[in-house]
Amino acid sequence: MRTIQRVVPGSGRVALTSRVPELSAGTWEVTATPVVLTGADGSPAQPPPPIPMPQGSSSGATAFLPVVNVRAPGVRIGAWPALVGLGFVAAVILQWVLGVQRDLPVGRILLVSLLAGLVGLVGAKVYYLQTHRAEKKRTLTAGMSVQGFVMAAVSVLVLAGWVAGIAVGAMLDVTAPGLLLGMTIGRLGCFFGGCCVGLPTASRWGIWSSDRGVGVRRVPVQLFESAMAGTVATLTLLAVLLLDPAVDGLLFLAGLSAYTLGRQVLFPLRVVPRKTANGRVITAMVTGLVLVASVVGLLVS
């Protein structure tokens, strides 16, 4: 049995998705009936609803569990890997174009970026499992974290770039717009895939979406983050094209810190709370200081 903890008045229609694992393969008849909660003495634990609650029935066939786990009203199967993959391709293409414009060794940069992307996927999975320990039993189907991807990918990018004899600062600067563009596209995959969802809301600017369990009008926090990443990507792209001479490394720091600061501002709009009490505030302060220092460095240079 699934329970919706809180329904926001005026938030419109609600869809509740429940999954039953380990059923015999075949077609099943399913009936949904309202349940009246009772106290220890058998009396109703809450007043009856003002209008009769509907009931219904339907039939459906069993399916492969990893597929069933991502099926829900409002969720598009395959949207997350498709859009995240598209974001990575777009990021590499933009990095290539900017690398040519800056006369960098784009062939070596491409190889380093592909390696960084692969290691970043591992980092995204490890970071997610460390912050969602309850999901360790389903490692392969558990989610991924953009923080883990960025930390792992950037670390490999810097180390492998240095080993390959690439000017690391210049490489990071031409990587920044593409990295942020990839996040812009990838966050759309989160919205259509039903992850990183926002809080339920009755506001008119809320958008009906699902967390793969409860479909309701929500704060479209994934779209907010996508728009924020796109704005920072545009600003860093203009800076790469217009700054002459280039200021190696500062542009990357400014773009990444601005994006990270924006994420901290948006986190309270998400359903899933942060794991630490002061982590968001500390991260916001640190990234804010890095952003100011980077912008001052760019202006002085």
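Notes on the structure follow. (Residues numbered from 1 in each chain as written. Predicted model: local features only at pLDDT ≥ 70, side-chain atom pairs only at ≥ 80, totals over all residues. Heavy atoms only, no water.)

## So, helix H5 (residues 168–193)
Here is step 1: Its 26 residues give H5 an end-to-end C-alpha distance of 35 Å, which sits within 8% of 38 Å, the value for a rise of 1.5 Å per residue.
Here is step 2: The sharpest bend along H5 comes to roughly 35°, located at threonine 175, with the proline proline 177 sitting one to four residues further on.
Here is step 3: Of all 26 residues in H5, 22 are buried; the element is thus mostly enclosed.
Here is step 4: Just past H5, the residue glycine 194 takes up positive phi, approximately 80°. (Helix = DSSP H or I, 4+ residues; strand = E, 2+ residues; numbered from the N terminus. Expected span 1.5 Å × (residues − 1). Bend = angle between axes of the 7 residues up to and from the residue. Buried < 20%, exposed > 50% of the residue type's maximum accessible area, 1.4 Å probe, protein only.)

## Points about the pattern of salt bridges
Here is step 1: One pass over the full model with this rule turns up four salt bridges.
Here is step 2: For arginine 187, the salt bridge goes to glutamate 225, with nearest N and O atoms at 3.0 Å. Here the residue arginine 187 occupies a position in helix H5, and glutamate 225 occupies one in helix H6 (residues 221–242), the gap between them amounting to 38 residues.
Here is step 3: A relative accessible area of 2% means that glutamate 225 is categorised as buried.
Here is step 4: The salt bridge involving glutamate 225 is made with arginine 263; its shortest N-O contact spans 2.5 Å. Placement of the pair is glutamate 225 in helix H6 and arginine 263 in helix H7 (residues 250–266), with a sequence separation of 38 residues. (Salt bridge = Lys/Arg side-chain N within 4 Å of Asp/Glu carboxyl O.)

## Considering helix H4 (residues 146–163)
Here is step 1: If you check H4, its first and last C-alpha atoms are 25 Å apart, about what 18 residues at 1.5 Å a residue would give, namely 26 Å.
Here is step 2: Turning to H4, its buried residues are Val146, Gly148, Phe149, Val150, Ala152, Ala153, Val154, Val156, Leu157, Ala160 and Gly161.
Here is step 3: Looking at the buried residues of H4, the elements they touch are helix H3 (106–131), H5 and H7.
Here is step 4: Positive backbone phi, approximately 75°, marks glycine 165, located one or two places after H4. (Contact = heavy atoms within 4.5 Å.)

## As for the state of the cysteines
Formally, a disulfide is one covalent bond, and it connects the sulfur atom of one cysteine to the sulfur atom of another.
Here is step 1: Tallied over the entire structure, the rule returns zero disulfides.
Here is step 2: Sulfur of cysteine 195: no disulfide; nearest cysteine sulfur belongs to cysteine 190 and is 3.6 Å away.
Here is step 3: Its relative accessible area of 18% is what places cysteine 195 among the buried residues. (Disulfide = S-S within 2.5 Å.)

## Re the nonpolar core
Here is step 1: The biggest cluster of nonpolar side chains holds 39 residues, and the ones touching the most others in it are Met183 and Tyr259.
Here is step 2: At the level of secondary structure, the elements contributing two or more residues to this core comprise helix H2 (79–101), H3, H4, H5, H6 and H7.
Here is step 3: No other element matches H5, which puts nine residues into this core. (Core = buried A, V, L, I, M, F, W, Y, C linked by side-chain atoms within 4.5 Å.)

## Considerations on the packing of aromatic side chains
Here is step 1: Going through the model one piece at a time under the given rule, you end up with two aromatic pairs.
Here is step 2: Considering the side-chain rings of phenylalanine 191 and phenylalanine 192, the 5.2 Å spacing of their centres and the 80° angle between planes classify their relative orientation as edge-to-face.
Here is step 3: Phenylalanine 191 gets classed as buried once you look at its relative accessible area, which sits at 10%.
Here is step 4: Exposure remark for phenylalanine 192: the relative accessible area of 37% places this residue in the partly exposed category.
Here is step 5: Seen from the ring of tryptophan 208, arginine 13 lies directly overhead, with NZ or CZ sitting 4.4 Å from the centre. (Phe/Tyr/Trp six-rings, centres within 6.5 Å; stacked < 30°, edge-to-face > 60°. Lys NZ or Arg CZ within 6 Å of the ring centre and 35° of its normal.)

## Topic: the sheet that holds strand E4 (residues 207–210)
Through backbone hydrogen bonds, the strands of a sheet pair up, either in parallel or in antiparallel fashion.
Here is step 1: Judged by pairing direction, the sheet is antiparallel, and its three strands sit side by side in the order E1-E5-E4 without closing on themselves. With one partner strand each, in any of the chains shown, strand E1 (15–16) and E4 form the two edges of the open sheet. (Pairing = 2+ DSSP bridges.)

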